Amino acid sequence: MKKLLTVLLSVLMCLTMFGCSGGGEGGKEGGDDTPKSGADTATFEELLAAGKENGKPLTIYTTHSVINDAIEAFMIKYELDGKIEYSSTQIGDTNQITQVATEVAQGVDGADIIFIQDGGRVLTDLVEEGYVYNWYNKEIQDLVGEDCEPLLVWDYCNKVFIYNVNAGDKSFADGEINNIWYATDPQYAGAVCMKDPSSEGVNMNFLVNLTSDENAAKMADAYKAYYGKDIVLDADCPNAGYQFIKMLYKNGMVLGSSDSTIAKDTAASDKKMSALITLNKYKKSVGKRDDGSANMNFAQDVNPVAGFIYPIYGLQVKNADNPELAKAFLIWLYSAEGWKGDGTMTIKDGSVYKGMSGRFGDYSGNQANPVVDGDLPVKEWKKILIQEDAKQAAEARADVEDFILKIK
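As the structure is a prediction and not an experimental result, all values here were calculated from the model.

Topic: the packing of helix α3 (residues 66-77) against helix α12 (residues 323-333)
Next up, step 1: Between α3 and α12, the least distance of the axes is 11 Å, while the angle of their chain directions is 105°. Between α3 and α12, the crossing angle belongs to the class labelled roughly perpendicular. Taking contact as the criterion, the partners of Ile67, Ala70, Ile71, Ala73, Phe74, Met75 and Lys77 in α3 are, on α12, Leu325, Ala328, Phe329, Trp332 and Leu333.
Next up, step 2: For the contact of α3 with α12, a count of residues per class yields 11 nonpolar, no polar and one charged.

Notes on the pairing of strand β8 (residues 274-278)
Next up, step 1: Burial runs high along β8: five of the five residues are buried.
Next up, step 2: In the sheet, strand β5 (residues 153-164) pairs with β8 via five bridges, with the strands oriented antiparallel. Bridge pairing links phenylalanine 161 to leucine 276 in β8.
Next up, step 3: With three bridges joining them, strand β6 (residues 192-195) and β8 adopt parallel strand pairing. Across the sheet, the residue bridging to methionine 194 is leucine 276, located in β8.

Structural notes on the side chain of aspartate 93
Next up, step 1: Residue placement: aspartate 93 occurs in helix α4 (residues 93-105).
Next up, step 2: The side chain of aspartate 93 is buried and forms no salt bridge, while lysine 195, the nearest opposite charge, is found at 7.9 Å.
Next up, step 3: If sequence neighbours within four positions are ignored, aspartate 93 has contacts with Thr63, Ile116, Gln117 and Asp118.

Some details on the packing of aromatic side chains
Next up, step 1: According to the stated counting rule, one finds 23 aromatic pairs in the structure shown.
Next up, step 2: Each ring, one from phenylalanine 115 and one from tryptophan 154, has its centre 5.4 Å from the other, and the planes form 65°; the classification is edge-to-face. Residue phenylalanine 115 is found in strand β3 (residues 113-116), and its partner tryptophan 154 is found in strand β5; the two are separated by 39 residues along the sequence.
Next up, step 3: On the accessibility criterion, phenylalanine 115 (0% relative accessible area) is buried.
Next up, step 4: A relative accessible area of 1% places tryptophan 154 in the buried class.

Thoughts on the pairing of β6
Next up, step 1: Every second residue of β6 is oriented toward a common face, with Val192 and Met194 on one face and Cys193 and Lys195 on the other, all of them buried.
Next up, step 2: Relative to strand β7 (residues 254-256), β6 is paired through three bridges, and the arrangement is parallel. Residue pairing in the sheet places lysine 195 in a bridge with glycine 256 of β7.

Observations regarding unusual backbone geometry
Next up, step 1: A cis geometry characterises the amide bond from glutamate 149 onward to proline 150, with omega recorded as 0°.
Next up, step 2: Mapped onto the elements, proline 150 comes out in the loop between α6 (138-144) and β5.
Next up, step 3: The linkage connecting asparagine 303 with the following residue, proline 304, adopts the cis geometry, with an omega of -5°.
Next up, step 4: Along the chain, the position of proline 304 falls in the loop between β9 (296-298) and β10 (307-317).
Next up, step 5: Even without glycine at this site, aspartate 118 takes up a positive phi of about 65°.
Next up, step 6: Within the element layout of this structure, aspartate 118 appears in the loop between β3 and α5 (119-127).

Overview of helix α7 (residues 201-209)
Next up, step 1: Of all nine residues that make up α7, nine are buried, and the element is covered over most of its length.
Next up, step 2: Among the residues of α7, Gly201, Val202, Asn203, Met204, Asn205, Phe206, Leu207, Val208 and Asn209 are the ones counted as buried.

A closer look at helix α8 (residues 213-227)
Next up, step 1: Helix length check: α8, at 15 residues, gives a terminal C-alpha distance of 21 Å against a target of 21 Å (1.5 Å per residue), a fit within 8%.
Next up, step 2: Regarding α8, the residues found buried are Asn215, Ala216, Met219, Ala222 and Tyr223. All buried residues of α8 project into a common sector of 120° when viewed along the axis, lining one side. Set apart from the buried face of α8 by more than 90 degrees, the exposed residues are Asp213, Glu214, Asp221 and Ala225.
Next up, step 3: Elements that come into contact with the buried residues of α8 comprise α7, α9 (240-250) and β12 (386-387).
Next up, step 4: Residue glycine 228 follows α8 closely and has a positive phi angle near 75°.

Focus: the nonpolar core
Next up, step 1: Formed by 129 residues in total, the largest nonpolar core has its most connected members in Phe74, Ile114, Phe115, Ile140, Phe329 and Trp332.
Next up, step 2: What isoleucine 140 contacts, discounting residues up to four positions off in sequence, is Trp135, Gly145, Cys148, Leu152, Leu330, Ile331 and Tyr334.

Side note on the environment of glutamate 85
Next up, step 1: Looking at the element boundaries, glutamate 85 is found in the loop between α3 and β2 (86-90).
Next up, step 2: Using a relative accessible area of 61% as the deciding quantity, one classes glutamate 85 as exposed.
Next up, step 3: Linking glutamate 85 and glycine 55, residues 30 residues apart in sequence, is a C-alpha distance of 8.4 Å.
Next up, step 4: Setting aside residues no more than four positions away along its own chain, glutamate 85 makes contact with Pro57 and Leu58.

Quick notes on the pattern of salt bridges
Next up, step 1: Throughout the structure, instances matching the rule amount to 17 salt bridges.
Next up, step 2: For lysine 272, the salt bridge identified is with glutamate 176, shortest N-O distance 2.8 Å. Linking lysine 272 in the loop between α10 (259-268) and β8 with glutamate 176 in the loop between β5 and β6, this pair joins segments that are 96 residues apart in sequence.
Next up, step 3: Residue classification places glutamate 176 among the partly exposed residues on the basis of a relative accessible area of 22%.
Next up, step 4: A cluster of three or more residues bridged by salt bridges with shared partners is formed by Lys159, Lys195, Glu200 and Asp259.

The rules behind the values
- Residues numbered from 1 in each chain as written.
- Predicted model: local features only at pLDDT ≥ 70, side-chain atom pairs only at ≥ 80, totals over all residues.
- Heavy atoms only, no water.
- Axes fitted to C-alpha atoms, helices over the stretch in contact; angles between N-to-C directions.
- Helix = DSSP H or I, 4+ residues; strand = E, 2+ residues; numbered from the N terminus.
- Parallel < 35°, antiparallel > 145°, perpendicular 65-115°, else oblique.
- Contact = heavy atoms within 4.5 Å.
- Nonpolar A, V, L, I, M, F, W, Y, C, P; charged D, E, K, R; others polar.
- Buried < 20%, exposed > 50% of the residue type's maximum accessible area, 1.4 Å probe, protein only.
- Pairing = 2+ DSSP bridges.
- Lys, Arg positive; Asp, Glu negative; His and termini not counted.
- Salt bridge = Lys/Arg side-chain N within 4 Å of Asp/Glu carboxyl O.
- Phe/Tyr/Trp six-rings, centres within 6.5 Å; stacked < 30°, edge-to-face > 60°.
- Expected span 1.5 Å × (residues − 1).
- Arc of directions from axis to C-beta.
- Core = buried A, V, L, I, M, F, W, Y, C linked by side-chain atoms within 4.5 Å.

Here you go:
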């Protein structure tokens, strides 16, 4: 009995000493495997100092090219360039998910922080598996608010319905695309383009999010407004969201591999063509007709949604070499300086760091950072676009993917 009591006391002492350790932010040598939720109390200055003292390399994987310039500007500004090694590599969502999962599982040196889209897969394949974790401090929370959870939003991008207006009497007229069900109308068969959802997670998440109970109800109402009758669901369609997906594919939706290519093809077509693409690619591809007017436009007044808005998330990797510096960099990105530069900060090639200056369709998680002249603030876009729901996408994605495989 005495021996048993001794063992129990020893266990209790261990629990007391180690059971309340914080964070899960440690490097490769340890750290709690289950990071705590809520805002960290560490400040930018504290994390920057700790990152300098750590001295290990900072490695970034990103889907957005601006991060490559941003890390250079950050390291130069804080006199770390030449003292601490750093790298930023642009990697697409699917490959990034695979690479991060493999590296962490095998204990291989990899990223300290990632900037990534496709919240549905990120939750299931990275967060739930413990390979990455959501982190923010009070400074970020004060700037970003509710967009800190369940995954921290660094940047928003949007995809809207664009259409050509240069094909004479075959072109779409302004106001003609006013209901999302137009994409299922036989008169527009083969006229709707979209980057293949099977190759781009945010597009798949958009379709998945249409099947939520709330959005499916809105889709049913929009169907009646467009077709003038109540929707009748096919036997394999649980709700109006599924019915839309089925009718969309059956109406000859054109699946592309690049938003840029889709934008150019839509503008150049001699028949009615429309597409659901990023606003940024649309703005880059707008040309001029003979009369000097634009050859493309985009629809904003669409029942019930004019497209979707999706985040690029900033997430910490479990076995980071320099987690402190990664977090300091993340905080800096939300500042006005980090978002668009100060007009004087230069990077290695001698050019001035511009960040998101002049870019349509990119919106800071810190909504105090201004948008480009002529664009709408993110709060206005959220009123007319579906916002990616990472949790619902994670829960329902497999079902929707299976459904699409069966109807194609």
